[in-house]
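Architecture at a glance
What follows is each chain in one-letter form.
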Amino acid sequence: MAAMIDRRRFLLQAGGAVAAAFGGWQRVLAAAAPPLAADRLRPDPDGVLDLPEGFDYTVLSRAGTLMDDGLLVPGGCDGMAAFPGEGGRVVLVRNHELDARSGPVFGTAFGAGDARLANVDRARLYDAGGEGPSYGGTTTLVLAPGVRQVEAQFLSLAGTLRNCAGGPTPWGSWLSCEENLQSADTRHARDHGWVFEVPSSHRGLVDARPLAALGRFNHEAAAVDPATGIVYLTEDRPDGLFYRFVPHERGRLAAGGRLQALAIAERASADTRGWQAQTAICEPGRALRVRWIDLDGVDAPGDDLRLRGHAAGAALFARGEGLWWGNDACWFACTSGGAAQAGQIFCFRPDARGGSLTLFVESTDPARFANADNLTVAPWGDLIVCEDTNRACRLLGVRPDGSLYTLARNPYNDSELAGACFAPDGRTLFVNVQWAGLTLAIRGPFESL
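The shown structure was predicted, so the numbers you read here are calculated from the model rather than taken from an experiment. (Residues numbered from 1 in each chain as written. Predicted model: local features only at pLDDT ≥ 70, side-chain atom pairs only at ≥ 80, totals over all residues. Heavy atoms only, no water.)

**A look at unusual backbone geometry**
Its identity is not glycine, yet N327 carries a phi of approximately 55°, on the positive side. Topologically, N327 is positioned in the loop between β16 (320-326) and β17 (329-334). Residue Q341 is not a glycine yet carries a positive backbone phi of 50°. In this fold, Q341 is placed in the loop between β17 and β18 (344-349). Residue classification places Q341 among the partly exposed positions, given a relative accessible area of 43%. (Helix = DSSP H or I, 4+ residues; strand = E, 2+ residues; numbered from the N terminus. Buried < 20%, exposed > 50% of the residue type's maximum accessible area, 1.4 Å probe, protein only.)

**Here we look at the sheet that holds strand β22 (residues 393-398)**
One open sheet holds the four strands; their spatial order is β20-β21-β22-β23, and the pairing between them is antiparallel. Of all the strands in the sheet, the pair left with one neighbour each is β20 (372-377) and β23 (404-410). When the angles between neighbouring strand axes are averaged without regard to direction, this sheet yields 20°. (Pairing = 2+ DSSP bridges. Axes fitted to C-alpha atoms, helices over the stretch in contact; angles between N-to-C directions.)

**Here's the deal with the sheet that holds strand β5 (residues 90-96)**
Taken together, the four strands give an open sheet; going across it, the order is β4-β5-β6-β7, and neighbouring strands pair in antiparallel fashion. Sheet topology places β4 (77-84) and β7 (150-160) at the edges, where each strand pairs with a single neighbour. Geometrically, the sheet is characterised by an average inter-axis angle of 20° between neighbouring strands, direction not taken into account. Note: strand β6 (residues 136-143) against β7, eight bridges, orientation antiparallel. Counted as the bridge partner of G137 is A158 from β7.

**Structural notes on the pattern of salt bridges**
Side chains that differ in charge, positive against negative, can pair when their charged atoms come close. Overall, the coordinates contain 22 salt bridges when judged by the stated rule. The partner of R148 in a salt bridge is D56, and the shortest N-O contact between them spans 3.3 Å. Here R148 is found in the loop between β6 and β7, whereas its partner D56 is found in strand β3 (residues 56-62), with 92 residues between them in sequence. Accessibility expressed as a relative area gives 36% for R148, which makes it partly exposed. Each member of the salt-bridge network shares a partner with another, and the members are D121, R124, D207 and R209. (Salt bridge = Lys/Arg side-chain N within 4 Å of Asp/Glu carboxyl O.)

**Section: the confidence of the model for the chain**
Chain-level statistics for the chain give a pLDDT mean of 91 and a share of 91% at 70 or above. A low-confidence stretch, residues 1-39 (pLDDT under 50), is modelled with 82 contacts involving residues beyond four sequence positions or located in other chains. (pLDDT = per-residue confidence, 0-100. Contact = heavy atoms within 4.5 Å.)

**Topic: the packing of aromatic side chains**
Summed over all chains, the structure comprises 20 aromatic pairs. With centroids separated by 6.1 Å and ring planes inclined at 55°, the aromatic side chains of Y232 and W292 adopt a geometry described as tilted. Here W292 lies in strand β15 (residues 287-294) and Y232 lies in strand β12 (residues 231-235), a separation of 60 residues in the sequence. With a relative accessible area of 1%, Y232 lands in the buried category. (Phe/Tyr/Trp six-rings, centres within 6.5 Å; stacked < 30°, edge-to-face > 60°.)

Here is the structure:
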């Protein structure tokens, strides 16, 4: 017990110290960081995930196994968040990035030939389809105290497409984002490209209602400022924008609000991607003042929201993906940003004048840091970043000075790691091995990092 108390004290004290360091904007390029600690990872005899000495994992969930609702654990596990449950339990809400093509390949909740679809109240599906249901959605896992055992597991959102990432809200729900702009056709009964809300306390399927005011675009992730209830959103497009949704009522997103796009105050229609030296505007460590542009026609039936926003002055970003709130700021990854197109991580810090945007780290060497995707803020303040690359994907830690360390690696298949998030007490890190359909709980001496 004393060791547990000491670890908790470490996490709290270190978190406060590192938060202060982040405020000082110290950073270096990833290529200039000390050598990675990949040689300190132990090969996993079970062929799932390599971890440092002293760390281990438990497989919590595996695609294709039976859930409590009579359905099967779907594959394509992606974005995820952990919430406090009753009696010391932890609740995980997990996305599944499945569509008509990938669903049958990686496994759907309904099984072969949709044989288990009869177990579902079809009225709760967002899109029951013309030829069959859309396979994306979310599952919820209720973990016993100690987070090594699943007490319950069930489908919680269904009938959506390519639920890639999303984000937790301060009021205990998960925002699940569709990374798909499928229009209604013979297979799909409804248009896609929306954000859906899944309360972590709900048992069973939620009524799948799109939060239309948050816009229709190629959504990736969401993060909520707990002080204001403003929702920040990334767009996974090479010419994507960075959005915010200002709700009419804090905590009631369905009540509507204003959708806006970020613009650099000193340069209209700026290009943050850094692909060409003559258009680059972001210097590492330099804070740029921003302003926000109101958007109209946010249902965008022609998939032109980003085009209209950029024409009105909004800045371009290179495939905005992972997004998380922490240390009083939004941290988000641009997977193909930078001169090497190996990835950038930005920090947006809001204030009364609109806020500031800083390029926190940019990879100039894909071997050291490649294509940041999902990310989270660790309890001690570092960023924990999932790579999405064609090599062995890793979980990388990024310190306040921009230096890197390797926390985990998957050399066993070509699956990315996704959905990294911490339990509410900070002692367990959850992550998905996406196309293997595995959800893992990682424990170990995090204070050694």
